[in-house]
Amino acid sequence: MIIFALIIYLIYSENSNKCTCETENARAKCYNCGHLIKDDFVYCPKCKVALKEKCEGCNKLINIAWRSCPYCNTKRADL
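Because the structure is a prediction, the values reported are computed rather than measured.

(A) Highlighting the environment of Cys-58. Within the element layout of this structure, Cys-58 appears in the loop between β3 (52–54) and β4 (61–63). Take Cys-58: its relative accessible area is 28%, and that puts it in the partly exposed class. Residues within four places of Cys-58 in sequence aside, it is in contact with Cys-69, Tyr-71 and Cys-72.

(B) Inspection of the packing of aromatic side chains at higher detail. A complete count under the given rule lists zero aromatic pairs for this structure. The ring of Tyr-71 has Lys-60 sitting right over it, with the charged end atom 4.6 Å from the ring centre.

(C) Local environment of unusual backbone geometry. Not every positive phi belongs to a glycine, and Lys-48 is a case in point at roughly 65 degrees. Structurally, Lys-48 is set in the loop between β2 (36–37) and β3. Backbone geometry places Asn-73, a non-glycine residue, at a positive phi of 65 degrees. Mapped onto the elements of the fold, Asn-73 is located in the segment after β4.

(D) Expanded view of a nonpolar patch on the surface. On the surface, a cluster of nonpolar side chains totalling about 410 Å² of accessible area is made up of Met-1, Phe-4 and Ile-8. Within the secondary structure layout, Phe-4 lies in helix α1 (residues 2–16). The exposed category is assigned to Phe-4, whose relative accessible area is 56%.

Basis of the calculations
- Residues numbered from 1 in each chain as written.
- Predicted model: local features only at pLDDT ≥ 70, side-chain atom pairs only at ≥ 80, totals over all residues.
- Heavy atoms only, no water.
- Helix = DSSP H or I, 4+ residues; strand = E, 2+ residues; numbered from the N terminus.
- Buried < 20%, exposed > 50% of the residue type's maximum accessible area, 1.4 Å probe, protein only.
- Contact = heavy atoms within 4.5 Å.
- Phe/Tyr/Trp six-rings, centres within 6.5 Å; stacked < 30°, edge-to-face > 60°.
- Lys NZ or Arg CZ within 6 Å of the ring centre and 35° of its normal.
- Patch = residues over 30% accessible without salt bridge, like charges linked within 9 Å, V, L, I, M, F, W, Y side chains within 5 Å.
- Areas by Shrake-Rupley, 256 points an atom, 1.4 Å probe, with all protein chains shown as cover.
- Salt bridge = Lys/Arg side-chain N within 4 Å of Asp/Glu carboxyl O.

Set out below in structure tokens:
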């Protein structure tokens, strides 16, 4: 009975240490709430703030903190 309980404990503890969240490989933080985010996130999963927007020149997604598009050099209108 003790061996059976030990086996169950080892299986459970091995599975509980694995992270299944989307932010496991996150490198950045949301500028609004500080939640860990991946580079390709368009919105923060925690506070729902926009992290990227479409460039007016080439329609590619760019970081909202950038002053101009790195693909076509179009300046952002709102800055």
